[in-house]
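Reading the structure
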Amino acid sequence: MSLSGFFLSVQLEFAQSSSVFQCDEPYWMSPAESHNGTFTGDLANHCWSVYSREIETLEGFREKIIQKIEKDSIIHEGPIALTVSFPPSLKWEVSHHFKEGGNSIQIREEIILNTPSKNELFYETQSKEVKASGMASYLNSVLFKMVIQKKSSSRIDIEFRNQVKVSRPWYALDLVFAPIAKNVCLEKMEKVKKKFMSWFTE
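Residues numbered from 1 in each chain as written. Predicted model: local features only at pLDDT ≥ 70, side-chain atom pairs only at ≥ 80, totals over all residues. Heavy atoms only, no water.

**Some remarks on the pattern of salt bridges**
- For the structure on display, the rule yields 10 salt bridges.
- Measuring nitrogen to oxygen at the nearest pair gives 3.2 Å for the salt bridge that ties R62 to E63.
- Among the ionic pairs, E124 bridges to K145, the shortest N-O distance being 3.9 Å. Residue E124 is located in strand β8 (residues 120–132), and its partner K145 is located in strand β9 (residues 139–150); the two are separated by 21 residues in the primary sequence. (Salt bridge = Lys/Arg side-chain N within 4 Å of Asp/Glu carboxyl O. Helix = DSSP H or I, 4+ residues; strand = E, 2+ residues; numbered from the N terminus.)

Written out as structure tokens, the structure reads:
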């Protein structure tokens, strides 16, 4: 599906909702390249949602994120209040098990949630251990960031960033492997946005 087609499907899907979720073109934070057998992809995407009602604070989004973490994760530890940090943060250590493309994936990660200001919310996950089967077994690490900013009384901007490191299979050349890995990163970004859409449109 083209990006314009994706925008249209999003707007149609949420036509009955209190907001419309839209995104610009994804962009690379640094060159997506493979060196010495490891591909690094650092992809970002700027999105926004305009509401039909006034948004006073980001507290509702913060509570929704906490609910999602506790509902969708295997929690090993947390939430822990990091009161010595600035801004004060909450931290969890969790695991997620899922299947993708016939491959089984298990990721243990650390989640950080904080509010740098009354108009900004920061969410980050950093993998600590990745176990997977098939092609997914080449995945080394995943870093995901989401920054939510209140731009006006009715508009929320969301910046997504997804960074992955993937080991190149021994039989693949860097020149061939890198373009394939880049396409996978772009596909993952679309899945990430779809996953988080309900957080901002419900």
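Structure's up, so let's keep going.
**Things to note about a nonpolar patch on the surface**
- On the surface, L173, L175, V176, I180 and V184 cluster together into a nonpolar patch covering about 520 Å² of accessible area.
- Assignment of secondary structure puts V184 in helix α3 (residues 174–201).
- Judged by its relative accessible area of 36%, V184 is partly exposed. (Patch = residues over 30% accessible without salt bridge, like charges linked within 9 Å, V, L, I, M, F, W, Y side chains within 5 Å. Areas by Shrake-Rupley, 256 points an atom, 1.4 Å probe, with all protein chains shown as cover. Buried < 20%, exposed > 50% of the residue type's maximum accessible area, 1.4 Å probe, protein only.)

**Looking at the packing of aromatic side chains**
- Applying the stated criterion to the full structure yields 3 aromatic pairs.
- Note on Y51 and F61: the rings are 6.2 Å apart at their centroids and 65° apart in plane angle, and the pair reads as edge-to-face. With Y51 in strand β4 (residues 38–51) and F61 in helix α2 (residues 59–72), this residue pair connects regions lying 10 residues apart in the sequence.
- With relative accessibility at 6%, the residue Y51 sits in the buried group. (Phe/Tyr/Trp six-rings, centres within 6.5 Å; stacked < 30°, edge-to-face > 60°.)

**Considering the nonpolar core**
- With 45 residues, the main nonpolar core has I65, Y123, M146, I148, F160, F196 and F200 as its most contacted residues.
- Leaving out residues up to four positions away in the same chain, F196 has contacts with Y123, F144, M146 and F160. (Core = buried A, V, L, I, M, F, W, Y, C linked by side-chain atoms within 4.5 Å. Contact = heavy atoms within 4.5 Å.)

**Brief notes about α2**
- Taking 1.5 Å of rise per residue, 14 residues should cover 20 Å, and α2 covers 20 Å from first to last C-alpha, within 8% of that figure.
- For α2, every residue scored as buried is listed here: F61, K64, I65, I66 and I69. (Expected span 1.5 Å × (residues − 1).)

**Some points on the pairing of strand β6 (residues 89–100)**
- Pairing analysis gives 6 bridges linking strand β5 (residues 74–82) to β6, with the strands arranged antiparallel. Bridging from a neighbouring strand, I80 pairs with K91 of β6.
- With 12 bridges joining them, β6 and strand β7 (residues 103–117) adopt antiparallel strand pairing. Residue pairing across strands places K91 opposite I112, the latter belonging to β7.
- Counting the residues that bridge the hairpin from β6 to β7 gives 2 residues, and of these G101 lies at a positive phi of roughly 60°. (Pairing = 2+ DSSP bridges.)

**Quick word on the environment of P79**
- Examined against the element boundaries, P79 turns out to sit in strand β5.
- Residues P79 and W92, spaced 13 residues apart in sequence, show a C-alpha to C-alpha distance of 5.0 Å.
- Contacts of P79, omitting those with residues within four sequence positions, involve E70, L90, K91 and W92.

By themselves, these are just geometric observations and shouldn't be taken as functional.
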